[in-house]
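Per-entry structural report
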Amino acid sequence: MAAALGSIAEIERELGAQRVDPESGQPMQRTSVMTHLAWVPEQWVEAAEDVLSGLAERHPSRTIVLVPDPDAEDALEASVEVDCYPVGEHRKVSMETIRLKLCGKRVQAPASVVEPLLLPDLPVFLRWRGLPPFGEQPFEQLVDTVDRLIVDSTEWPGLPAPYGRLADIFDRVAVSDIAWARTSRWRAQLASLWPGIAGVRRIKVLGTEAQAHLLAGWLRSRLGRKIELEHEAADRLTGVELDGEPTPFPPGDPPDPADLLSDELERFTRDRVYEDAVSATRM
Amino acid sequence: MAVAEQQENPLLEGLRLRRTPDPCALVIFGASGDLTKRKLFPALYSLALRHLLPERFGIIGVARTEESDDDFREAMKAAVQEFGRDAFQQETWDWLAERTRYVATDFADEGGQQRLVGALNELDEKQGTSGNRVYYLAVPPSAIATLIHEIGEHRSTDGWTRLIVEKPFGRDLASAQELNAELQQSFEEREVFRIDHYLGKETVQNLLALRFANGIFEPIWNRQFVDHVQITVAESIGIEGRAAFYEQAGAIRDIFQNHLLQLVALTAMEPPIDFTAESVRNEKVKVLRAMHTPGPKHVVRGQYGQGFIEGEEVPGYRDEPGVARDSMTETFVAAKLFVDNWRWADTPFYVRAGKRLARRETTIAIEFKRAPHPPFEESAEGELQPNVLVVHIQPDEGVSLEFAAKVPGQGLTLRTVHMDFLYGGAFRTGIPEAYERLILDCLLGDTTLFTRSDEVEEQWSLVDAIVAFWKRDRPAFPNYEAGTWGPAAADELMRRDGRSWRRH
Ligand SMILES: NC(=O)c1ccc[n+]([C@@H]2O[C@H](COP(=O)([O-])OP(=O)(O)OC[C@H]3O[C@@H](n4cnc5c(N)ncnc54)[C@H](OP(=O)(O)O)[C@@H]3O)[C@@H](O)[C@H]2O)c1
């Protein structure tokens, strides 16, 4: 690996150089549908890289991975990777990943680093790993830079309290939650129980805490009534009971993490049903 | 509860539910044939893998050849493994195999349908397919009329019945009208699905998205700005052992009548008011009606002789097994067509289709008029090319725009550069095969991407008029070498107008 790049100009120069196809000497085509930012504190790096590699194929984008390191000395350390893959019979397309370590005080001003690297006119998605520091500088700044925030509230401790903070930003940015996406098969299943489900008083969820709160919030907000939640911990959603009656298992296979993120990257508008569910988690 | 029942289900809001087809049985006639093996089963498998088929579903393969259920399943499994686009998963296959049966029968025989009727009733009982039927006619044209008649006579009284008819639909206007009349005896138009698999291709549908979902193209998509349109459907393969079929068809019936005219219609049509089957097809039919018959000078036919493809020597058409030594069947056709309406009057559509051409390629190129007064006369006159918008349908699906740019440095040298949008590059969800889309649409009852009866008749009347001229003379075939872009006369067709075919 070459020495780290320390400025935007160096990053741009390196991207340009790597985009040239060594065989033909011509620049490879860049096909992008978005800029994808990922805020990945050190402990999430491994998990994040796994998902990213599954994603690259489906959503060609410029991906900017931001790794904060507040305790290090003030600096920007970047590396750039241009991957190319063949498309059709004659051409190659390139995709770019920029890995940026924000050291020291730079952690506080991520927007100014990211802005010059965004692809013009294309939507910007921000995947925030772990619980966002609501109200704090790096998060607040980036929220105002992007079109859509993607979180996975399964990663959050202390639920449902943080949902309250999340609801506060709904008017500023469209939000997707992978925990919510993971409940979609079950929501379809529960919806198919209409109208019998209309009078339900109590839901028991065997799954993650996030899934339990979101499903309960969803039922409360859709049905417009109080519904009690009982939660039994499991690392995936494996069962739902309504008033003590187990619901039949939904058909199909659970989607994999890259699929879930990929689906969220296809949405561009606010998800009102999700927002309502989040707001009703603490009822 | 009574109140809730009348209310709309609030839980459905925001759920992205896919429509799933009704329970049904799919009967494939011609199950021992090439299409079933190469396209239909691989497509069904891909649909099953994505859970797009109904849970209560059954497939009955029908042909005259005696074969057991197990042998048929084995053959289809091998076909899915060989031709499928997805990795093979035993579990998905088991799901499909469990629902697959084979019936050997001949509908031309008295009582030939009884074996099938029995199998269908059994399927209704076992799989709960509720009398809903799709009949896929993947048989040679000669067998189609009998099948339509017999199916019509014995159509199920419960549930719905749909019929998928493969191309070629007839071989001239008269035979197409006869087939349509036969169909209309027992079926409504909305029950008939005439396949033109080009319409199932993503990029062909993308042409509609490009035209009607973008504000910048439609205002210039007309005679004022477009100099001409070029449509190429080029194949590098020969007839692949299908001499019996091809000798009767030729390029005009194999490609021109259906795929090529569909591309012309989609390129030239007016914006439909919505994307329902009737609106889209109404607009396409209007284009076909507005096309006038090209005179003999505006049509070129060709037949390939011996030549080279990818460096390998290949025989001429007349030396292909099964082809007459003095065959007059055309393997190439080019034409200059006009769509006589306000949008396109006097704007030629040059089209060509052929086998054993230099490469496999299907493109629609919209060539715009030149800049009226380029202020670059001295340095760049010869170099200045018109803008071309190219829709690539295969192999590299996408859209590209050619425009002039200045070469960096002193002076003003201009070069044509490409701006490309690669469909496969931007959305790598894995492009579904045309047959997947078409089978699914039929199961859902959506006829938008199928050819309507009046549409197919308009296509044939144009073809008939062209073929009528051909009866008068015998061109000196072969007149182009395999691996080239067709006969010299095709180039002449454009050169006369001061234009030329695009090269890549
Ligand atoms: N192959 C392709 O890629 C392709 C592409 C586009 C369109 N098509 C169209 O699809 C249709 C089938 O093509 P194919 O290539 O699969 O042909 P094929 O390989 O010759 O198969 C024809 C099938 O029809 C059956 N058959 C023949 N005569 C019959 C009759 N009189 N009654 C009932 N069944 C009969 C044959 O089985 P038995 O002899 O056992 O009855 C066989 O299963 C044709 O209309 C063709 O134009 C094919």
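Quantities reported herein were computed from a predicted structural model and do not represent experimental measurements. (Residues numbered from 1 in each chain as written. Chains lettered and ligands numbered in written order. Predicted model: local features only at pLDDT ≥ 70, side-chain atom pairs only at ≥ 80, totals over all residues. Heavy atoms only, no water.)

**Comments concerning the overall build of chain B**
Summing up its helical and strand segments, chain B has 15 helices and 19 strands in all. Against the compact-globule benchmark of 23 Å for 504 residues, chain B has a radius of gyration of 25 Å, which places it among compact chains. By its C-alpha atoms, chain B is 80 × 65 × 40 Å across when sized along the principal axes. For chain B, the share of sequence-separated contacts (at least 6 apart) that also reach a separation of at least 24 residues comes to 77%. Just so you have it, chain B exposes about 22,600 Å², and 49% of that area is on carbon and sulfur atoms. (Helix = DSSP H or I, 4+ residues; strand = E, 2+ residues; numbered from the N terminus. Rg over C-alpha atoms; globule rule 2.2 N^0.38 Å. Contact = heavy atoms within 4.5 Å. Areas by Shrake-Rupley, 256 points an atom, 1.4 Å probe, with all protein chains shown as cover.)

**Structural notes on the overall build of chain A**
Across its full length, chain A holds 10 helices and 12 strands. Seen through its principal axes, chain A has C-alpha atoms that stretch 65 × 45 × 30 Å. Residues counted as buried form 53% of the 283 residues belonging to chain A. Sequence-distant contacts in chain A: of pairs separated by 6 or more residues, those separated by 24 or more amount to 80%. When the 31 positive and 47 negative side-chain charges of chain A are each reduced to one mean point, those points stand 5 Å apart. (Buried < 20%, exposed > 50% of the residue type's maximum accessible area, 1.4 Å probe, protein only. Lys, Arg positive; Asp, Glu negative; His and termini not counted. Charge placed at Lys NZ, Arg CZ, Asp CG, Glu CD.)

**What about unusual backbone geometry?**
Outside of glycine, negative phi angles account for most residues, and trans bonds account for most peptide bonds. Of note, the amide linkage connecting Leu159(A) to Pro160(A) takes the cis form, showing an omega dihedral of 5°. The omega angle of the peptide bond from Lys167(B) to Pro168(B) is 0°, so this bond is cis rather than trans. By secondary structure assignment, the location of Pro168(B) is in the loop between strand E5 (161–165) and helix H7 (173–186). The phi dihedral of Ser130(B) is positive, around 50°, even though this residue is not glycine. Residue placement: Ser130(B) occurs in the loop between helix H5 (114–127) and strand E4 (133–137).

**Some points on the pattern of salt bridges**
Residues and elements named next belong to chain B. Summed over all chains, the structure comprises 49 salt bridges over all chains. With a closest N to O distance of 2.8 Å, Arg50 and Asp86 form a salt bridge. With Arg50 in the loop between helix H2 (34–49) and strand E2 (57–63) and Asp86 in the loop between helix H3 (69–83) and helix H4 (90–98), this pair connects stretches of sequence that are 36 residues apart. With a relative accessible area of 29%, Arg50 lands in the partly exposed category. Take Asp86: its relative accessible area is 17%, and that puts it in the buried class. A salt bridge links Arg359 to Glu361; the shortest N-O distance between them is 3.6 Å. (Salt bridge = Lys/Arg side-chain N within 4 Å of Asp/Glu carboxyl O.)

**A short note on the pairing of strand E13 (residues 332–339) of chain B**
Residue and element names in this part refer to chain B. Most of E13 is tucked away, with 8 of its 8 residues classed as buried. Pairing between strand E8 (residues 291–292) and E13: 2 bridges, direction antiparallel. Opposite His292, over in E13, you have Phe338 as the bridge partner. With 4 bridges connecting them, strand E9 (residues 299–302) and E13 associate as antiparallel partners. Opposite Arg301, over in E13, you have Val333 as the bridge partner. (Pairing = 2+ DSSP bridges.)

**Some points on the pairing of E5(B)**
Residue and element names in this part refer to chain B. Most of E5 sits inside the fold, with 5 of its 5 residues counted as buried. Side chains Thr161, Leu163 and Val165 project from E5 onto one buried face, and the interleaved Arg162 and Ile164 project onto a second face that is buried too. Alignment of E4 against E5, held across 5 bridges, turns out to be parallel. Considered in E5, the bridge of Tyr135 is made with Leu163. With H7 bridging E5 and its parallel neighbour strand E6 (residues 192–194), the resulting β-α-β unit is right-handed. (Right-handed = clockwise from strand over helix to strand, strands pointing away.)

**Quick word on the nonpolar core**
Phe29(B), Leu96(B), Tyr136(B) and Phe256(B) are the most contacted members of the largest nonpolar core, which totals 141 residues. Ranked by residue count, the leading element in this core is helix H9 (residues 243–268) of chain B, at 13 residues. Apart from residues lying up to four places away in sequence, Phe256(B) is in contact with Ala251(B), Leu261(B), Val333(B), Ala335(B), Leu337(B), Val351(B), Leu462(B), Val463(B) and Ile466(B). Leu142(A), Leu190(A), Leu223(A) and Leu15(B) belong to the second-largest nonpolar core, a separate cluster that totals 67 residues. (Core = buried A, V, L, I, M, F, W, Y, C linked by side-chain atoms within 4.5 Å.)

**So, the confidence of the model for chain B**
Residues and elements named next belong to chain B. Per-residue pLDDT for chain B has a mean of 90; in total, 95% of the residues score no lower than 70. Low pLDDT, under 50, characterises residues 1–5; the stretch is placed with 8 contacts to residues that sit more than four places away or in other chains. This prediction of the complex comes with two scores: 0.83 for pTM and 0.78 for ipTM. (pLDDT = per-residue confidence, 0-100.)

**Section: the site of the ligand**
Residue and element names in this part refer to chain B. The immediate surroundings of the ligand are formed by 18 residues, with Ser32, Asp34, Leu35, Arg64 and Thr65 found nearest. A distance of 2.7 Å separates an oxygen atom of the ligand from a polar atom in the backbone of Leu35. Within the contact set of the ligand, an oxygen atom lies 3.3 Å away from a side-chain nitrogen or oxygen of Arg38. A breakdown of the residues in the shell around the ligand according to their chemical character gives 9 nonpolar, 4 polar and 5 charged. (Near = heavy atom within 4 Å. Polar contact = N/O pair within 3.5 Å; in protein donor to acceptor, adjacent residues only side chain to side chain. Nonpolar A, V, L, I, M, F, W, Y, C, P; charged D, E, K, R; others polar.)

**Here's the deal with the sheet that holds strand E10 (residues 228–233) of chain A**
Residues and elements named next belong to chain A. Ordered in space as E10-E9-E11-E12, the 4 strands form an open sheet in which the pairing is mixed. In this open sheet, the two edge strands, each paired with only one partner strand, are E10 and strand E12 (245–246). Sheet analysis places strand E11 (residues 239–242) next to E12, joined by 2 bridges and oriented antiparallel. Of the residues in E12, the one forming a bridge with Leu242 is Glu245.

**Here's the deal with the state of the cysteines**
Counted by the stated rule, this structure contains 0 disulfides over all chains. Here Cys24(B) is not disulfide-linked; the sulfur of Cys442(B) is the nearest cysteine sulfur, at 8.2 Å. (Disulfide = S-S within 2.5 Å.)

**Quick look at the side chain of Thr232(B)**
Relative to the assigned elements, Thr232(B) resides in strand E7 (residues 226–234). Within the local environment of Thr232(B), its side chain forms a polar contact with the side chain of Arg352(B), the two groups lying 3.0 Å apart.

**Focus: the packing of H2(B) against helix H13 (residues 434–444) of chain B**
Residue and element names in this part refer to chain B. The interhelical angle for the contact between H2 and H13, taken along N-to-C directions, is 70°, at an axis separation of 8 Å. It follows from the interaxial angle that H2 and H13 lie roughly perpendicular. Judged by the twist between their axes, the crossing of H2 over H13 is right-handed. Note on element contacts: H13 touches H2 through Tyr435, Glu436, Ile439 and Leu440, opposite Leu35, Lys39, Leu40, Ala43, Leu44, Ser46 and Leu47. Taken together, the residues of the contact of H2 with H13 sort by class into 8 nonpolar, 1 polar and 2 charged. (Axes fitted to C-alpha atoms, helices over the stretch in contact; angles between N-to-C directions. Parallel < 35°, antiparallel > 145°, perpendicular 65-115°, else oblique. Left-handed = near helix turned anticlockwise from the far one by under 90°.)

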